[in-house]
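# Tertiary structure, described
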Amino acid sequence: MIRTVVILMLLGMIEAQEPVSGEPFTEEQIQELQSEVVIVKDQECTMVIERKEAPKPEYIYIDELPMSEDLQRFCQERCKQYKVGYAFFLAMLESESNFGTNLGNRENIKGPMQINKCNWNRYPELDVDSEYDNIEIGIRIMSELLQKYQSADKTIMGYKAGENKMLEMVGNGERLLICDTLVERANYWEGKIEEVKNEK
């Protein structure tokens, strides 16, 4: 009964002047109450400390990539947010522009993810001319294709040739050969990711 009274007191649910029986507390009961209050407070402090020590997100840096640490972190964050495998994304970015080092000079294609003109305003809040936004646009397109078709091949072909062309090719039993190359490169980058994780 005393422990129950103490807990209710701490929660502000009852007054502390006298016990539930209506009789005044004895000296022995008061000492026991004080002891219980200290214990409960200690437990509360411990719980608060444990909540503050939540694990931080883990990001990796691959020095082989011609990308800054900040950009690699950004890409990992967006891949996680939009549920795109990081290794798969790296393979696509490598295929499109060699990680932004070979952008080409085509008028209708922009940025490291080589966004086609028809998608420049797909996400109005993003600027296709910004390196970071361009990459996010590419990741979001990949994400939409992956979620819709649940297929690496269809995602690759939809990204490379457009969704309508991909559906036409699939209907004709056709497949882009680059699908095999991207899957191989995705496996390569997955191996690199595991290497870096194991080094930590």
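Every value quoted in this text rests on a predicted model; they were computed, and no experiment measured them.

### A closer look at the overall build of the protein
The helix and strand tally for the protein stands at eight helices and two strands. Ordered by position in the sequence, the α and β elements of the protein form the string α-α-α-α-β-β-α-α-α-α. Expressed as a percentage of its 200 residues, the buried residues of the protein come to 36%.

### Describing the environment of threonine 155
Residue position: threonine 155 is located in helix H6 (residues 152–161). Each C-alpha atom of the pair threonine 155 and methionine 142 lies 6.3 Å from the other, and the pair is 13 residues apart in sequence. The contacts of threonine 155, once residues within four sequence positions are left out, are Phe88, Met142, Leu145 and Leu146. A distance of 3.5 Å separates a polar side-chain atom of threonine 155 from the backbone nitrogen of leucine 146.

### Observations concerning the nonpolar core
Formed by 44 residues in total, the largest nonpolar core has its most connected members in Phe89 and Met113. Non-local contacts of phenylalanine 89, meaning those with residues more than four positions away in its chain, are made with Cys75, Cys79, Val84, Met113, Ile135, Ile139 and Met142.

Conventions and cut-offs
- Residues numbered from 1 in each chain as written.
- Predicted model: local features only at pLDDT ≥ 70, side-chain atom pairs only at ≥ 80, totals over all residues.
- Heavy atoms only, no water.
- Helix = DSSP H or I, 4+ residues; strand = E, 2+ residues; numbered from the N terminus.
- Buried < 20%, exposed > 50% of the residue type's maximum accessible area, 1.4 Å probe, protein only.
- Contact = heavy atoms within 4.5 Å.
- Polar contact = N/O pair within 3.5 Å; in protein donor to acceptor, adjacent residues only side chain to side chain.
- Core = buried A, V, L, I, M, F, W, Y, C linked by side-chain atoms within 4.5 Å.

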